[in-house]
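Now for the letters of each chain:
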Amino acid sequence: MRFTKMQGAGNDYIYINCFEERVSHPSEASKFLSDRHFGVGGDGLILIKPSERADFEMAMYNADGSQGEMCGNAIRCVGKYVYDRGMADKTKISVDTLAGIKYLDLELEAGKVSRVKVDMGPPGLVAAQIPVIADSEQVIDAPIEVGGKSYKMTAVSMGNPHCVVFLEEDVRSLKLEEIGPLFENHQRFPRRINTEFVNVLDDSTLRMRVWERGSGETLACGTGTCATVVAAILNGRTKHEVTVHLMGGELEIAWAGGDASVFMIGPAAEVFEGEIELPDFNGRD
């Protein structure tokens, strides 16, 4: 089976062109391919499929085999993949996901996609729909105790659930491998949670690390970066156009507030192509 390794701000996935290849057991395939010692290595698996509702469909699987609704960094790479290979002949395309149809504007350099602007849709702030267990309809700067320590969180959905935590201590020094799983599996998050740990550098600049549900720490998270900026605006910490410094690069996010869409601009890059034989998964999904 042919695959392509791609990354957006260091958030790397294995991409399979399902116009040409068939993946029978994507959850097991994602676990196998994502392994950085015995597989290709990545944060998960992305399947690029035909769609009846949009130009393309993106199916996303985390490194642990669980299926995710949406990934902002991955969808930018989908845009690069289909344009650079002539599967799309226009710079405005639509991609269907479990979080709905997303719209991409492709920026070209020397005839290849270098950056992508994504209309991520409006954020979701209703606690029950994120979901997060709460006494209020929205969870903004609300207390939560994790691992015996008190934090303030803001909960946002960008098609998938996020918990944003602003910290005074430098997030680069956090022991994320210890605190991340405690947030991910906290009883207040029925479907687990992606957690963003954030420093406010000024009113238009943030620094962020992320613990992703099903993948652990990644170098970037597009939906998480969008959720972080929404949370920062809701808490009066930033303006409406923000640059976010991630472990793997920078993303530019803009949100006018209310029911407006969140817009994300960031890079998309191809790392390498290859072929690999998948094991016999014995009918497991």
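Further up the page is the structure itself.
This structure is a prediction, so every number in the text was calculated from the model and none was measured.

Enquirer: Quick one: what's the story with empty space enclosed by the protein, residue by residue and with numbers?
Expert: Across all of its chains, the model carries one cavity of 30 Å³ or more by this definition. Residues of the lining of the largest cavity, tallied by class, amount to four nonpolar, four polar and two charged.

Enquirer: Pulling in residues and values, what's your account of the pattern of salt bridges?
Expert: Think of it this way: side chains of opposite charge can pair up when their charged atoms draw near. Evaluated as defined, the whole model comprises 22 salt bridges. With a closest N to O distance of 3.4 Å, D12 and K5 form a salt bridge. Note that K149 and E169 form a salt bridge whose closest N and O atoms lie 3.3 Å from each other. With a gap of 20 residues between them, K149 in strand β10 (residues 149-157) and E169 in the loop between β11 (161-166) and α3 (176-184) connect regions that are remote in the sequence. You can call K149 partly exposed: its relative accessible area is 38%. According to the relative accessible area criterion, E169 is partly exposed, its value standing at 34%. When salt bridges that share partners are traced, they join R2, R85, E270, E273 and E275 into one network.

Enquirer: So what's going on with the packing of aromatic side chains? Residues and values would help.
Expert: With the rule as written, the count across this model stands at four aromatic pairs. On the numbers, 5.9 Å between centres and 70 degrees between planes, the contact of F19 with F56 is edge-to-face. Residue F19 is found in the loop between β2 (11-17) and α1 (26-34), and its partner F56 is found in strand β4 (residues 56-62); the two are separated by 37 residues along the sequence. For F56, a relative accessible area of 5% gives the class buried. Between the aromatic rings of Y151 and F183, the centroid separation amounts to 5.2 Å while the plane-to-plane angle is 70 degrees, which identifies the pairing as edge-to-face. On the criterion of sequence distance, the pair formed by Y151 in strand β10 and F183 in helix α3 is long-range, its members being 32 residues apart. In terms of burial, Y151 and F183 fall into one category: buried. Put simply, the rings of Y151, F183 and F197 touch in pairs and so form one group of aromatic residues. Stacked on the ring of F263, the Lys or Arg K117 has its end atom at 5.0 Å from the ring centre. Stacked on the ring of F166, the Lys or Arg R237 has its end atom at 4.5 Å from the ring centre.

Rules used in this analysis
- Residues numbered from 1 in each chain as written.
- Predicted model: local features only at pLDDT ≥ 70, side-chain atom pairs only at ≥ 80, totals over all residues.
- Heavy atoms only, no water.
- 1 Å grid on protein atoms, 1.4 Å probe; cavity = no way out; pocket = protein on both sides within 12 Å on 5 of 7 lines; lining within 4 Å.
- Points joined across faces, edges and corners; volume = space filled by probe spheres on them.
- Nonpolar A, V, L, I, M, F, W, Y, C, P; charged D, E, K, R; others polar.
- Salt bridge = Lys/Arg side-chain N within 4 Å of Asp/Glu carboxyl O.
- Helix = DSSP H or I, 4+ residues; strand = E, 2+ residues; numbered from the N terminus.
- Buried < 20%, exposed > 50% of the residue type's maximum accessible area, 1.4 Å probe, protein only.
- Phe/Tyr/Trp six-rings, centres within 6.5 Å; stacked < 30°, edge-to-face > 60°.
- Lys NZ or Arg CZ within 6 Å of the ring centre and 35° of its normal.

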